[in-house]
Amino acid sequence: MAFNSFFITLVTLATAVIAQQCVPYSTPFDFKSGYPTVWTTPGDECFNTDEFKSVYNSIDWSKVPDIKPHELDSDGNLVSSGYPSSDPDCWWSYNMCVTPKVPGLKPDISYCPEPNTLGLSYDDGPNCTHNEFYDFLKANNQKATMYFIGSNVADWPYEAQRALTDGHQICVHTWSHRYMTTLTNQQVLAELYYTRKVIKYVMGVTPLCWRPPYGDVDDRVRAIAAALNMSTDVWNLDSNDWQMQPAGELTSAKIDQYFSGFCSKAKNGTFANSGALILEHELNSETMSKAQQWYPTLKSSFEYIVPVATCMNITQPYAETNYTYPSFAQYINATN
Ligand SMILES: *[C@@H]1O[C@H](CO)[C@@H](O)[C@H](O)[C@H]1NC(C)=O
Ligand SMILES: *[C@@H]1O[C@H](CO)[C@@H](O)[C@H](O)[C@H]1NC(C)=O
Ligand SMILES: *[C@@H]1O[C@H](CO)[C@@H](O)[C@H](O)[C@H]1NC(C)=O
Ligand SMILES: *[C@@H]1O[C@H](CO)[C@@H](O)[C@H](O)[C@H]1NC(C)=O
Ligand SMILES: *[C@@H]1O[C@H](CO)[C@@H](O)[C@H](O)[C@H]1NC(C)=O
Ligand SMILES: [Zn+2]
């Protein structure tokens, strides 16, 4: 067989495997009642239920600051004109603020405190083509933190279950992946609550952590997450992989430059006193290939690569106390 036709056969086979993996399947799970429609922002059909009303009424709203939701312009970008430069609401999208101004709110988790250590995280899963990537992590005995979209959990419940079975840490990444500071209090609560609920239903655990899509969070949104006992987790190294072609505009070479820069920093002592937390994505096969491509170089540039909970010595990352994860010391002793 000529090289070209061999290559075409390979691509055809790979496409067939992806198509087969991504065929919707039925399960005993029922997401029709008690959940928002997948990929839609929760509305009155949820707000008017007794279940949601009871969650809403269980929250002490006097602790949630009265901050007006932000707006999006006609290109879908956040409008920040008119917002005071003193950043009164600790709005991450404005100037990457991670230390809330409202008393009683904890700082966001934005880096791994352990020196020369990389916190590893992947957003936007579970994706229906993730088996090869999860096999790779498993073969490397590497655990990570997965920030799951509720709609993806409902669409791909068995893929979601695999993440927990493989020992990864599961956190919430909202139901429909909107800019959270643009939503009403009810919408913010519902985006978090129903994602947590679907994760509990499918995987049996209640995450105590979430990550805002696009990092878009302020003290109002943080306070609602805190009322649900969830830490707000962002990052300090952005691979920008979600913007890579074909889903986005950036070339693969451009993404390589970001990763390469992180490795240089790790080697020149930038993280000698406190470590890093990288944002990558389980968005599609391209971002998952990129993650596999750079893993060995990251591994040789940092001393340790660990999930976010491990960075913080959080050994019980769920409300269910019978799930125990290793502390930092336990993790590195087990894997080195
Ligand atoms: C938050 O945690 C506290 C203490 O464990 C618990 O009493 C409360 O029910 C939790 N709240 C929610 C909304 O899960
Ligand atoms: C390490 O490299 C980064 C990026 O190239 C640079 O900004 C930083 O100043 C360097 N730090 C040290 C300690 O040399
Ligand atoms: C999952 O990955 C496949 C393969 O790259 C992609 O076609 C699909 O759009 C992704 N699914 C979601 C929900 O992002
Ligand atoms: C985690 O525990 C180790 C001791 O085993 C300690 O040195 C380190 O400071 C702790 N890290 C955090 C973020 O609490
Ligand atoms: C934790 O307890 C729940 C409910 O009792 C059970 O379904 C689950 O399998 C337990 N998980 C572990 C890891 O022990
Ligand atoms: Zn995301």
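Everything numeric here is computed off the predicted structure, so don't read it as measured data.

Caption draft 1: Representation of the overall build of the protein within the structure. Within the protein, the secondary structure is distributed over 13 helices and 8 strands. Scaling as 2.2 N^0.38, a compact globule of 336 residues should have a C-alpha radius of gyration of about 20 Å, and the protein matches this with 20 Å. In terms of overall dimensions, the protein has C-alpha extents of about 70 × 50 × 45 Å along its principal axes. Among the 336 residues that make up the protein, the fraction classed as buried is 42%. Considering only residue pairs separated by 6 or more positions, the protein has 73% of its internal contacts joining residues 24 or more positions apart.

Caption draft 2: Summary view of the packing of helix α8 (residues 185–203) against helix α9 (residues 219–227). The interhelical angle for the contact between α8 and α9, taken along N-to-C directions, is 45°, at an axis separation of 10 Å. Viewed along their axes, α8 and α9 adopt a mutual orientation that is oblique. Crossing of α8 over α9 shows right-handed handedness. For the pair α8 and α9, contact is made by Asn 185, Val 188, Leu 189 and Leu 192 and by Val 221, Ile 224 and Ala 225, respectively.

Caption draft 3: Representation of the site of ligand 4 within the structure. Every residue lining ligand 4 is accounted for by Pro 113, Met 312, Asn 313, Ser 327, Phe 328 and Ala 329. A per-class count over the shell around ligand 4 returns 4 nonpolar, 2 polar and no charged.

Caption draft 4: Spatial organisation of the UniProt feature "domain: NodB homology" (unreviewed entry) in the protein. Look at the UniProt record and you will see "domain: NodB homology" (unreviewed entry) annotated at residues 116–311. With 45% helix and 16% strand, residues 116–311 has its two end C-alpha atoms placed 11 Å apart.

Caption draft 5: The nonpolar core, seen in detail. Membership of the largest hydrophobic core comes to 81 residues, with the highest contact counts inside it found for Leu 192 and Ile 278. With 10 residues, α8 is the single largest residue contributor to this core. Once you skip the residues sitting within four places of it in the chain, Ile 278 turns out to touch Leu 118, Gly 119, Leu 120, Ser 121, Trp 235, Leu 237, Ser 239 and Phe 262.

Caption draft 6: Representation of unusual backbone geometry in the model. Omega for the peptide link from Gly 125 to Pro 126 comes to -5°, which places this bond in the cis form. Here Gln 245 and Pro 246 are connected by a cis peptide whose omega angle stands at 0°. Its location among the elements puts Pro 246 in the loop between β6 (237–238) and α10 (252–267). Positive phi, close to 55°, is recorded for Asn 240, a residue that is not glycine. In this structure, Asn 240 sits in the loop between β6 and α10.

Caption draft 7: Quick peek at the environment of Ser 93. Here Ser 93 shows up in helix α4 (residues 92–95). Counting along the chain gives 123 residues from Ser 93 to Asp 216, while the straight-line C-alpha distance between them is 5.3 Å. If we skip the residues at most four places from it in the chain, Ser 93 touches Leu 78, Thr 181, Tyr 214, Gly 215 and Asp 216.

Caption draft 8: Structural view of the pairing of strand β2 (residues 145–148). Side chains of β2 alternate between two faces, with Thr 145 and Tyr 147 and Met 146 and Phe 148 buried alike. One ladder, built from 4 bridges, connects strand β1 (residues 117–125) with β2; its direction is parallel. Across the sheet, the residue bridging to Gly 125 is Phe 148, located in β2. Remark: the β1/helix α5 (residues 131–139)/β2 crossover connection has right-handed handedness.

Caption draft 9: Main features of α8. Spanning 19 residues, α8 covers 27 Å between terminal C-alpha atoms, matching the ideal 27 Å at 1.5 Å per step. For α8, the buried fraction is high: 14 of the 19 residues fall into the buried class. Backbone geometry just after α8 places Gly 204 at a positive phi near 85°.

Caption draft 10: Spotlight on the environment of Asp 50. Relative to the assigned elements, Asp 50 resides in helix α3 (residues 50–57). Owing to 7 C-beta atoms within 10 Å, Asp 50 belongs among the exposed residues under this scheme. In sequence terms Asp 50 and Asn 77 are 27 residues apart; their C-alpha atoms lie 35 Å from each other.

How each quantity is defined
- Residues numbered from 1 in each chain as written.
- Chains lettered and ligands numbered in written order.
- Predicted model: local features only at pLDDT ≥ 70, side-chain atom pairs only at ≥ 80, totals over all residues.
- Helix = DSSP H or I, 4+ residues; strand = E, 2+ residues; numbered from the N terminus.
- Rg over C-alpha atoms; globule rule 2.2 N^0.38 Å.
- Buried ≥ 20, exposed ≤ 12 C-beta atoms within 10 Å, placed from the backbone.
- Contact = placed C-beta atoms within 7 Å.
- Axes fitted to C-alpha atoms, helices over the stretch in contact; angles between N-to-C directions.
- Parallel < 35°, antiparallel > 145°, perpendicular 65-115°, else oblique.
- Left-handed = near helix turned anticlockwise from the far one by under 90°.
- Near = placed C-beta within 6 Å.
- Nonpolar A, V, L, I, M, F, W, Y, C, P; charged D, E, K, R; others polar.
- UniProt positions renumbered as here; feature names shortened; annotations may be inferred.
- Core = buried A, V, L, I, M, F, W, Y, C linked by C-beta atoms within 7 Å.
- Pairing = 2+ DSSP bridges.
- Right-handed = clockwise from strand over helix to strand, strands pointing away.
- Expected span 1.5 Å × (residues − 1).

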